Amino acid sequence: GKGEQITEGNDIAIIATGLMVNEARIAAEQLAAEGIHARVINIHTIKPLDEEIVIEAAKACGKVITCEEHSIIGGLGEAVAAVLAEKCPTAMRRIGVNDEFGHSGPAWEVLRQFGLCADHIVEVAEDFVGSRAIAFSGEKRRGPRLSRKDGLAPARQPGYAGTDHGNTLFRGGLLERLPVRKPS
């Protein structure tokens, strides 16, 4: 299948599938209000993956976030990471359900608990675009954007939990987990 570009943007590419496409579109609108122009791509077919649109977005934006409402293992994030690792090494993060057991509840509440919502995409994109992550340099430091009202980096925010929800930075040929705050 062929991917579909939903929005124009060159600051960051958000590649989404399923329910997360609309959340990515909403996040792109919120990011645009902050001056961050996100390219949203709907990938409705993971196999075969539309490698052309993924590589084109990676080259144009230089940073990629994948969003899926299921496990990050064996899904869109891994497929995109494989393509980028082989054909266009690019910094990336994955948003999805980490390798953990799910639980029951009202659908949108459970999605929010796993960070599968526009607000969380915005948070990850802001940090990613504003970070000083240097892909493929071998450096292990990362400077978060300090744009919060209290001036604290996300990891120093009150209520920060040291768990992640599938957020990953592709650096130096490795996928490196990055922690994020759990939505309250």
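Anyway, here's the lowdown on the structure attached to this text. Nothing here was measured: the structure is a model prediction, and the numbers come from that model.

Side note on the pattern of salt bridges
One pass over the full model with this rule turns up five salt bridges. We note a salt bridge from R39 to E56, for which the minimum N-O separation is 3.9 Å. Linking R39 in strand β3 (residues 38-42) with E56 in helix α2 (residues 51-61), this pair joins segments that are 17 residues apart in sequence. Judged by its relative accessible area of 42%, E56 falls in the partly exposed class. Two residues, R93 and D127, come together in a salt bridge whose shortest N-O distance is 3.0 Å. Of the two residues, R93 sits in strand β5 (residues 91-97) while D127 sits in helix α5 (residues 118-130), which places them 34 residues apart along the sequence. D127 gets classed as buried once you look at its relative accessible area, which sits at 10%.

Here we look at the packing of α2 against helix α3 (residues 76-87)
Any two packed helices are characterised by the angle at which their axes cross and by the distance between the axes. Packing of α2 against α3 leaves a shortest axis separation of 10 Å and a crossing angle of 65 degrees. Here α3 runs roughly perpendicular to α2, going by the angle between their axes. Seen from above, α2 lies across α3 with right-handed handedness. Residues E51, V54, I55 and A58 of α2 lie in contact with α3, whose contacting residues are V80, V83, L84 and K87. A class-by-class count of the residues in the contact of α2 with α3 yields six nonpolar, no polar and two charged.

Rules and cut-offs
Numbering of residues starts from 1 in each chain and follows the order in which that chain's sequence is written. Only residues with pLDDT of at least 70 get local features here, since the model is predicted, and only at 80 or more are side-chain atom pairs given and counted; chain-wide, interface and lining totals rely on the full set of residues. Working from all heavy atoms in the structure, the side-chain values ignore hydrogens and water. We define a salt bridge as a contact between a side-chain nitrogen of Lys or Arg and a carboxyl oxygen of Asp or Glu at a distance within 4 Å. Only runs of H or I of at least four residues qualify as helices and only runs of E of at least two qualify as strands under DSSP, and these elements are numbered from the N terminus. Throughout, exposure labels follow a simple rule: accessible area from a 1.4 Å probe, protein chains only, divided by the maximum for the residue type, with under 20% read as buried, over 50% as exposed, and the rest as partly exposed. Interaxial angles span 0 to 180 degrees and are taken between N-to-C directions of axes, which are lines fitted to C-alpha atoms, for helices over the stretch in contact. Note that the term roughly parallel is reserved for angles under 35 degrees, roughly antiparallel for angles over 145, roughly perpendicular for angles of 65 to 115, and oblique for everything else. Note: crossing handedness is left-handed where the near helix turns anticlockwise from the far helix by less than a right angle, and right-handed where it turns clockwise. The contact criterion used throughout is that any non-hydrogen atoms of two residues lie within 4.5 Å. Polar here means any residue other than Ala, Val, Leu, Ile, Met, Phe, Trp, Tyr, Cys and Pro, which are nonpolar, and Asp, Glu, Lys and Arg, which are charged; Gly is therefore polar.

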